[in-house]
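# Structure assessment
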Amino acid sequence: MCSLQDDIDIEKKSKPQLKTCVKCKVERAQYLVRHAQYCKQCFLHTLVGKFRVMISKSKFVVGRKECKPNVLLAFSGGASSRALVHMMNEFHVGDPAVKKKTILDNVKICHIDESIICGPEEGTLKQAENIISQYPFQFIGASLEDVFSSEYTDSDFEQVLRTEIVTREEGSKSHDQLKAVIESSTLTNKEKANALLNNIVKATAKEDMISYLKNKLLIQIAKRENCSIILLGDSSTRIAVKCIAYTSKGRGFSLPYDVAAEIEVEKGVGYLRPLRDCLTKELGIYNYLHKLETVFVPTITTGAPIKASIDRLTEEFITSLDRDFPSTVSTVVRTASKLTTSKSSEQNERCTVCLRPIQNGISEWRERITVMELPKSDVNSAIAATDENGNGSACTSDGCCGQGCGSPKESKFDLLPLLCYSCQINARDTKPTILPPFMAERAKEAYSRESLREQISEFLIDDSE
């Protein structure tokens, strides 16, 4: 029996020398993937085979009784999505001289320009379009700041959601509150996006917000283009990183939406990750063999220390561990693949920010397990503070909300109950800021439903009765 005092000796096995290909048993092996050695042809055949199986056996494709589905492929410009575009071309188009039956209808490529965050100044749309022009696919370009446009809402909603800071009255035993108000704004979409991102303090919360905005853009574009499937280039390495990072950030309840091979995120639109069984290393070799050009998109943690954010730290942890123990990624991904959404979670309210299901009673649970200090500074002065990013100035007129918009005081509401656990935590790292119209639209709908429920509460029959 082992004791805590015993030394644990973990011997690191040296990587074997490349010999004969494990698949064809003839050619000399050139590539080592996990514990297997492949020649060039067998490596490509095995890698592409994983992709073809995921597409061909998808319930979004096989289970359709009507017309063939339209597909929107999310192309970030990185190695994984670049390989996905090339594989899709060979799978869907192939050799024009050879007639074959296709299982997909139209394939459209969507690239979201994130240059507003870290550059480059000229953007990445032109470079991405030049790459996609090599293929017979329709290219759709969008910028991250476009999420503040009304066309990316369900009802052409134009107003934004202005938030304050998470506060609690001194000496009060009530929950934290995040006061918000729906108002109009005269700022440009780019100014609104800068105001949002610049007022998020920590890199982890900022990375999460960027991810939520991109997801919303992809979903709305898919709806507009009548695409029922969104192809994501998440490799198994990326899924393993997301599984650990998202769990540590409190997103375990909605984890299947972010790591599942295929899942419906909104009615009529689903995510499909056909590269979930492919390592990042394998995709890098694939791009090298086909001489595929990628688009360099710097992020807020590019060149930053390992501990800059939870995602950056988790990525370093997984990749370094996988170098010495090649089964690390596959073990995590296999475990994550067993996670599914329950029927009750699908009926839960959706988070206003990330659009994921909200676990019931999460605010009360967070209050019980959180140790916090009451705010010592004057909250009103913090709310009245202004900056150059469009946070507005405090009003002094009677009956105003205090944000310079002229909205009545009663229009304010507590946004915190409309957020999931992870977004509630991130809200504490955010200064007064502006949230896009799709969040304002969802908050208004949720607040209206709650108000209606309170009005008719005495006429409702409780489940216990």
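Residues numbered from 1 in each chain as written. Predicted model: local features only at pLDDT ≥ 70, side-chain atom pairs only at ≥ 80, totals over all residues. Heavy atoms only, no water.

Put simply, the test is: UniProt positions are given in the numbering used here, feature names are shortened, and annotations may be inferred rather than shown by experiment.
The name an unreviewed UniProt entry assigns to the protein is Cytoplasmic tRNA 2-thiolation protein 2, from the organism Basidiobolus ranarum. Under the UniProt heading Sequence similarities (unreviewed entry), the note attached to the protein is "Belongs to the CTU2/NCS2 family." Turning to the protein, the UniProt annotation filed under Subcellular location (unreviewed entry) states: "Cytoplasm".

## Some thoughts on the environment of histidine 35
Applied cut-off: Each helix is a run of DSSP H or I of at least 4 residues and each strand a run of E of at least 2, with the numbering of both proceeding from the N terminus. Exposed residues in this analysis have more than 50% of their type's maximum accessible area, buried residues have under 20%, and partly exposed residues fall in between, with area computed by a 1.4 Å probe over protein chains only. Contacts were defined at the residue level, with two residues in contact if any of their heavy atoms lie within 4.5 Å.
Checked against the element boundaries, histidine 35 lands in the loop between β1 (31–33) and β2 (36–38). Since its relative accessible area comes to 61%, histidine 35 is described here as exposed. Not counting residues within four places of it along the chain, the set of residues in contact with histidine 35 comprises Pro326 and Ser327.

## Observations regarding the nonpolar core
How we decide: Take the buried residues of types Ala, Val, Leu, Ile, Met, Phe, Trp, Tyr and Cys, join any two whose side-chain atoms come within 4.5 Å, and each joined set is a nonpolar core.
Core analysis: the biggest nonpolar cluster contains 62 residues, and Leu161, Met209, Leu415 and Leu419 have the highest contact counts within it. Among the elements that make up this core, the one with the highest residue count is helix α7 (residues 203–224) (ten residues). Look past the residues within four positions of methionine 209 in its chain and what remains in contact with it is Leu196, Leu197, Ile200, Val353, Leu435 and Met439. By size, the runner-up hydrophobic cluster in this structure holds 57 residues, among which are Val48, Val61, Leu255 and Val259.

## Overview of the sheet that holds strand β12 (residues 433–435)
Using the following cut-off: For two strands to count as paired, DSSP must find a minimum of two bridges between them.
Strand order in the open sheet formed by four strands is β11-β7-β6-β12, and the pairing between neighbours is antiparallel. The open sheet has two free edges, formed respectively by β11 (413–414) and β12, since each of these has just one partner strand. Two strands pair when backbone bridges link them, and strand β7 (residues 177–183) and β11 are joined in this way by two bridges, in the antiparallel orientation. Bridging across to β11, lysine 179 finds its partner in aspartate 414.

## Concerning the pattern of salt bridges
Inclusion rule: For this analysis, a salt bridge means a side-chain nitrogen from Lys or Arg found within 4 Å of a carboxyl oxygen belonging to Asp or Glu.
Tallied over the entire structure, the rule returns 17 salt bridges. Taking the shortest distance from any N to any O, the salt bridge between aspartate 311 and lysine 249 comes out at 2.8 Å. Of this pair, aspartate 311 sits in helix α11 (residues 310–324) while lysine 249 is found in the loop between α8 (236–248) and α9 (256–259), placing the two residues 62 residues apart along the sequence. The pair aspartate 311 / lysine 249 is uniform in exposure class, with both members buried. Taken together, the shared-partner salt bridges connect Lys108, Glu151, Arg224 and Glu225 into one network.

## What to know about the sheet that holds strand β9 (residues 262–266)
Quick note on the threshold: Axes here mean lines fitted to C-alpha atoms, for a helix over just the part in contact, with angles spanning 0 to 180 degrees between N-to-C directions.
The mixed open sheet is built from six strands, whose spatial order is β5-β4-β3-β8-β10-β9. Two strands lie at the open edges of the sheet, namely β5 (138–143) and β9, each paired on one side alone. Each neighbouring strand pair of the sheet contributes to a mean axis angle of 30°, computed without reference to strand direction. Both strand β3 (residues 71–74) and strand β4 (residues 107–113) contribute to a ladder of four bridges, which runs parallel. Counted as the bridge partner of valine 71 is valine 107 from β4. Where helix α5 (residues 125–132) meets the sheet, it contacts β4 and β5, and its direction lies at approximately 165° from that of β5. Strands β3, β4, β5, β8 (229–231), β9 and β10 (269–272) of the sheet are contacted by α7, whose axis makes an angle of about 145° with β4.

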